[in-house]
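# Report on the structure
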Amino acid sequence: MRENVFPEKINPVDTHRIIEDDDESYVLRCRRGETEAFAHLVRRHQKKMLNLAYRMIGDYGEACDVVQEAFLSAFRSIGKFRGEARFSTWLGSIVLNQARGHLKQRAVRLGREEMSLDDPHNEEKRRFSIANLSVEDSVAEGLERRDLEAKIQRCLSVLEADQREVLVLRDIQGCSYEAIGQTLKLPPGTVRSRLFRARNALKDSLLKVIGELR
Amino acid sequence: MTCQEIQNLLPGYWENLLSPEERSLIESHLSFCDLCRRSLIDLKDSENLLKHLEEVEPPPFFEQRIMSRIREEAGRKKGLLRKFFFPIYIKIPLQVMATLLIAVLAAYLYQKNEPEMKPMLSFSVPYSEIQKSPMEAESLKSAQPPAGAKEPESLQSNKPSITATPSSPDPDGALHKKDQPRFAAAPPAAAREKAGESVELMRPKEEEKAAAEKAGTSLGGLRDKEDSVHRQALHKPRVEEQEPIQSFDAEEKEGKKKLEMAEKGAGEKSPLLRSAPTPLGSVSAKTENRTVINLNLQVRDTSQAVRQIEERLTQAGARILERTQGEGRALLKAEMAYPKFASFLNQLEEIGRVVFNKETLSVPVDRVTVLIHIFK
């Protein structure tokens, strides 16, 4: 179903090397000033980065804007990329940074009257929101898969941003713990504990929204 | 362990990331706790739901949209880079080349302008030579030795009289010597050094030429004589720079005395009689706002020419500063406004043949002092 380009999910030896080499050569060409080499990197990673942004933001149009900005930012700072991590990991971290910035801006734009779903200190409001969500969405219960996905996305959106990040990276993007650590610049223990909390939180949220998960 | 603690660890259990102790603890708890078992199942289901979320597709022309912005950015970045941050391997050679080009150009311009600078420098130091050099050149021309064998001697004998006039036993020399210390500080040191250098450079050449001429006496003839005179006249300004510096007044006195001596007898070997107008006959010295212009005027009748010139000078609003007349020659010195000089020059050409260095008029000034050497 989903094309997975992360090393531990595909052939651990050959494919990993090929992908890495490919990216490296294009990155090198970009650093030499070949703008067209970047087109290959865009072509290769646009879908994955768009999905990452979309799952983080929850809005398709905004996710497209964020990815576009992220690619632009990556192009500007490609000289700083030294190859310590894979290019996709580095690019993923840029997309996540852009997404965080976008969410902050959106929160500011909506203002105080509009509740911020990402606010970790506003537990009461969040609960209220989830309850409303379930009432709203209960009307669409039993409908098509698209509705279910919309609900899952809404559930994801009510999670704290840092929990959402690890969940998206791990379960949707299929990243390894090491890659998540590199992307978020976190030690493995923190990644693990954050992921456990995020899973439980999502499970609770989904149970409230969907009811039966099967 | 409470159910809450167990449920917190369930994701790790599910991903097989716990220690064997933790695993056995959880397994033993799950064997009797339905709630935690249910929680584990929900955890698996939620993960499955997430993993099977359908991927969204990028919008059409998403890559092109991104790349158009990237190209735009790259163009701007390149422009800035080109302007300020050239690759160092291009930038440094370019800078070196530019520096060299400027240096070469500066040297070339300096060399090109040097001939114009030299007369200015040398003239500003020995002012007396303005008057003396044309006359001396003429005297050399007029007092041509009869045979080629005598020519070197005459040249040799001329040299000291030109370069070392004070050495003669006449009262001129005494005056000259007396005046010398008074005006010794007049010229700039650099100019004197330069003059000295040029003299040093010239001397061997002159000696060589004299020796060559001595050796080749049989080849003597009119052409040779003229050449030697010409050479002498050309070398003179540099050689004369050795002379001590005198004031303008002292030079004028000297000039007068020389003219007087010229009147006494044509055969005498005074510097004045031996002098002749140089081919280009004039040198200029620019002071603050005036220029001295030397003119050589060849006429049929000197006394008549002097009268005519004086009339023209008066018409031009000039102030006649000095008038000395000798046999077949005269010297007029006048000062006039610079704009009137051109018309005056035209009038002079009606009187006789005018020779002067037109380069002296290249820099406009307020007033000009004209020294007119009139001769037959």
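Anyway, here's the lowdown on the structure attached to this text. (Residues numbered from 1 in each chain as written. Chains lettered and ligands numbered in written order. Predicted model: local features only at pLDDT ≥ 70, side-chain atom pairs only at ≥ 80, totals over all residues. Heavy atoms only, no water.)

### Here's the deal with the side chain of A:Q173
With respect to the helices and strands, A:Q173 occurs in the loop between helix 7 (161-172) and helix 8 (177-184). Within the local environment of A:Q173, its side chain forms a polar contact with the backbone oxygen of A:K48, the two atoms lying 3.3 Å apart. (Helix = DSSP H or I, 4+ residues; strand = E, 2+ residues; numbered from the N terminus. Polar contact = N/O pair within 3.5 Å; in protein donor to acceptor, adjacent residues only side chain to side chain.)

### Describing the packing of helix 6 (residues 145-158) of chain A against helix 9 (residues 188-210) of chain A
Residue and element names in this part refer to chain A. The geometry of helix 6 relative to helix 9 is characterised by a closest axis approach of 9 Å and an angle of 135° between their N-to-C directions. The orientation of helix 6 with respect to helix 9, classified from their angle, is oblique. Between helix 6 and helix 9 the crossing geometry is right-handed. Residues L148, K151, I152, C155, L156 and V158 of helix 6 form the contact with helix 9, whose own contacting residues are L202, S205, L206, V209 and I210. Grouping the amino acids of the contact of helix 6 with helix 9 by side-chain chemistry returns nine nonpolar, one polar and one charged. (Axes fitted to C-alpha atoms, helices over the stretch in contact; angles between N-to-C directions. Parallel < 35°, antiparallel > 145°, perpendicular 65-115°, else oblique. Left-handed = near helix turned anticlockwise from the far one by under 90°. Contact = heavy atoms within 4.5 Å. Nonpolar A, V, L, I, M, F, W, Y, C, P; charged D, E, K, R; others polar.)

### Here we look at the side chain of A:R164
Residue and element names in this part refer to chain A. Summarising the element assignment, R164 is placed in helix 7. Classification of R164 as buried rests on a relative accessible area of 1%. Among the polar contacts listed, one links the side chain of R164 to the backbone oxygen of L159, at a separation of 2.9 Å. (Buried < 20%, exposed > 50% of the residue type's maximum accessible area, 1.4 Å probe, protein only.)

### Quick look at the interface of chain A and chain B
Taken together, the contact between chain A and chain B spans 48 residues of the former and 37 residues of the latter. Across the chain A to chain B interface the summed buried area is about 4,300 Å²; carbon plus sulfur atoms make up 59%. Counting across the interface, chain A meets chain B through nine salt bridges. A salt bridge links B:E55 to A:K47, with the nearest nitrogen and oxygen atoms 3.6 Å apart. Applying the counting criterion to the chain A and chain B interface returns 14 residue pairs in polar contact (both at pLDDT 80 or more). (Buried area = accessible area lost by both parts, 1.4 Å probe. Salt bridge = Lys/Arg side-chain N within 4 Å of Asp/Glu carboxyl O.)

### Description of the packing of aromatic side chains
All names here are of chain A. Under the criterion given, the structure shown has six aromatic pairs over all chains. Where F38 meets F71, the ring centres are 6.2 Å apart and the plane angle is 90°; that geometry is what we call edge-to-face. With a gap of 33 residues between them, F38 in helix 2 (residues 35-57) and F71 in helix 3 (residues 60-76) connect regions that are remote in the sequence. Each of the two residues, F38 as well as F71, counts as buried. For the ring pair F81 and F87, a centre distance of 5.8 Å and an interplane angle of 80° mean the geometry is edge-to-face. Using a relative accessible area of 7% as the deciding quantity, one classes F81 as buried. Three or more aromatic residues joined by ring pairs form one cluster here, namely F38, F71 and F75. (Phe/Tyr/Trp six-rings, centres within 6.5 Å; stacked < 30°, edge-to-face > 60°.)

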